[in-house]
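Summary of the model geometry
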Amino acid sequence: MRATGAGPGAAQPGTTASRRIGPYVLITALDDPYSRIPVPERRYIARSDDGEHTVLLSVPHRGTDPQRFMAEADTSRYLLGPFVASTVTCAGPGEAAWAARRYLPGLPLPTALAVHGGPLPERTVRALGAALAESLGVMHGQGLTYAGLSPAAVLLAADGLRLTCFGAVRAAAPDGTPRSGLPGLEPGSLPPEQAAGGHPRPLGDVYALGATLAYAATGQTAPEGDELPPALRTVISRCLSRDPAIRPQLAELQGVFASGVNQESARAGFTTTTTALLGPGWLPSRVIAAIAHQSATVLAAEIPPPTVSTSRQD
């Protein structure tokens, strides 16, 4: 694997600075174009002309329906939960499709594995599982299905994760249309019923959660059972069942991941088991260093002033 984004090995600021999307100037791409893991949307770190706002800017893949992309981006404005990167602004009528989220220094999960040099520690995987289960539970309580969870959709930050790419499955193709092989969809993270064109449902999110954790623990979304950590092997394998009825409920998943929180962490004053799992040391040191490097690189990026056209007076 190779590092990417605004971390070690990334394109340096200025390589995309001449490009503008909406009111933003692109600083750098977030994702590695050579990654084996598909990304549901094209993502950039960008800044407004006045330098006041740095955002994570997303645009649909070429050849996909921009209207479906915009519909999902608009819906994500209303997502609740501490680990969701909701859309804060998006393209207006008549503009090419784009959506912006608040920027927080962080690495896509595939980049984190590249920086770390392989699968992540079990503590990190448990923390991911707890935070993902909590976030999906809040969304399902809102009557929403995420339908876009995959390794690339998860950004790792110092204080936890952030979920992006809401509605990627719905944006890729309408219900009733097979979705296998479509741009941006990671095959191992796509629930079989959604790959066949079925309507996204909550237990499909559980399948995608299992695939994402399998990737974090092994570097693959569909590993052999014996490649998974013994303590998580059974629960992740159940998440990846082709039969939705066999997949565990989110409350059960949170209990499984919380079993990794020791009494000392509980006494330290953390309000929930998830916050305890996401406490100091939840990320490997190389990943923390890469996040810090990204933050410094983006902060130092210079944004050229907008070009002002002038007409010659005779």
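Attention in this report is confined to the structure presented alongside it. (Residues numbered from 1 in each chain as written. Predicted model: local features only at pLDDT ≥ 70, side-chain atom pairs only at ≥ 80, totals over all residues. Heavy atoms only, no water.)

**Quick notes on the overall build of the protein chain**
For the protein chain, the helix and strand inventory stands at 11 helices and nine strands. Long-range contacts, defined as pairs at least 24 residues apart, comprise 64% of the intrachain contacts of the protein chain with a sequence gap of at least 6. Counting every atom, the protein chain has about 14,000 Å² of accessible surface; 53% of that belongs to carbon and sulfur. (Helix = DSSP H or I, 4+ residues; strand = E, 2+ residues; numbered from the N terminus. Contact = heavy atoms within 4.5 Å. Areas by Shrake-Rupley, 256 points an atom, 1.4 Å probe, with all protein chains shown as cover.)

**Things to note about the pairing of strand E4 (residues 54-59)**
With five of six residues buried, E4 is to be regarded as a mostly interior element. As judged from the six bridges shared by strand E3 (residues 42-48) and E4, these two strands associate in the antiparallel manner. The residue of E4 that forms the bridge with Tyr44 is Leu57. As paired strands, E4 and strand E6 (residues 99-102) are joined by four bridges and run antiparallel to one another. (Buried < 20%, exposed > 50% of the residue type's maximum accessible area, 1.4 Å probe, protein only. Pairing = 2+ DSSP bridges.)

**Considering the sheet that holds strand E7 (residues 107-108)**
Pairing between the strands of a sheet comes from backbone hydrogen bonds, and it takes one of two forms, parallel or antiparallel. Reading across the sheet, the three strands line up as E7-E8-E9 and stay open at both edges, with antiparallel pairing between neighbours. The open sheet has two edge strands with one neighbour each: E7 and strand E9 (160-163). Across two bridges, the pairing between E7 and strand E8 (residues 154-157) is antiparallel. The residue bridging Pro108 from the neighbouring strand is Leu155, located in E8.

**With respect to the sheet that holds strand E5 (residues 87-90)**
Across the sheet, six strands lie side by side as E1-E2-E3-E4-E6-E5; this open sheet has antiparallel pairing. Lying at the two open borders of the sheet, with one neighbouring strand each, are strand E1 (20-21) and E5. As defined by bridge partners, E5 adjoins E6 across three bridges and the pair is classed as antiparallel. Counted as the bridge partner of Thr87 is Arg101 from E6. This element, helix H11 (residues 285-300), spans strand E2 (24-29), E3 and E4 of the sheet and lies at about 50° to E3. (Axes fitted to C-alpha atoms, helices over the stretch in contact; angles between N-to-C directions.)

**Remarks on unusual backbone geometry**
Of note in the backbone geometry, Ala147 takes a positive phi value of approximately 50° without being a glycine. Here Ala147 is to be found in the loop between helix H3 (122-141) and E8. A positive phi angle, near 65°, is found at Cys165, a position not held by glycine. Among the secondary structure elements, Cys165 is positioned in the loop between E9 and helix H4 (168-172). Relative accessible area serves as the criterion here: at 0%, Cys165 is assigned to the buried category.

**Re the packing of helix H2 (residues 109-116) against H11**
At a minimum axis separation of 8 Å, H2 and H11 run at an interaxial angle of 120°. As for how H2 packs across H11, the hand of that crossing is right-handed. Contacts between H2 and H11 pair Ala112, Val115 and His116 from the former with Arg286, Val287 and Ala290 from the latter. Tallied by class, the residues present in the contact of H2 with H11 amount to four nonpolar, one polar and one charged. (Left-handed = near helix turned anticlockwise from the far one by under 90°. Nonpolar A, V, L, I, M, F, W, Y, C, P; charged D, E, K, R; others polar.)

**Describing the pairing of E9**
Here E8 runs beside E9; their pairing, made up of four bridges, is antiparallel. Counted as the bridge partner of Leu155 is Arg162 from E9. What sits between E8 and E9 in their antiparallel hairpin is a turn of two residues.

**Describing the packing of aromatic side chains**
Evaluation of the coordinates by the stated rule reveals two aromatic pairs. Pairing Tyr24 with Trp98 gives two aromatic rings, centres 5.8 Å apart and planes at 85°, and the pair type is edge-to-face. Of this pair, Tyr24 sits in strand E2 while Trp98 sits in the loop between E5 and E6, placing them 74 residues apart in sequence. When its relative accessible area of 4% is taken as the criterion, Trp98 is described as buried. The interplanar angle of 80° and the centroid separation of 5.2 Å between the aromatic rings of Tyr146 and Phe166 together place this pair among those described as edge-to-face. Linking Tyr146 in the loop between H3 and E8 with Phe166 in the loop between E9 and H4, this pair joins segments that are 20 residues apart in sequence. The pair Tyr146 / Phe166 is uniform in exposure class, with both members buried. The ring of Phe166 is capped by Arg170, whose NZ or CZ atom sits 4.9 Å from the centre of that ring. (Phe/Tyr/Trp six-rings, centres within 6.5 Å; stacked < 30°, edge-to-face > 60°. Lys NZ or Arg CZ within 6 Å of the ring centre and 35° of its normal.)

**So, the pattern of salt bridges**
Evaluation of the coordinates by the stated rule reveals 11 salt bridges. Between Asp159 and Arg162 there is a salt bridge, with its nearest N and O atoms 3.0 Å apart. Since its relative accessible area comes to 45%, Asp159 is described here as partly exposed. For Arg162, a relative accessible area of 17% translates into the label buried. Arg179 is paired through a salt bridge with Asp175; the nearest N and O atoms lie 2.7 Å apart. (Salt bridge = Lys/Arg side-chain N within 4 Å of Asp/Glu carboxyl O.)

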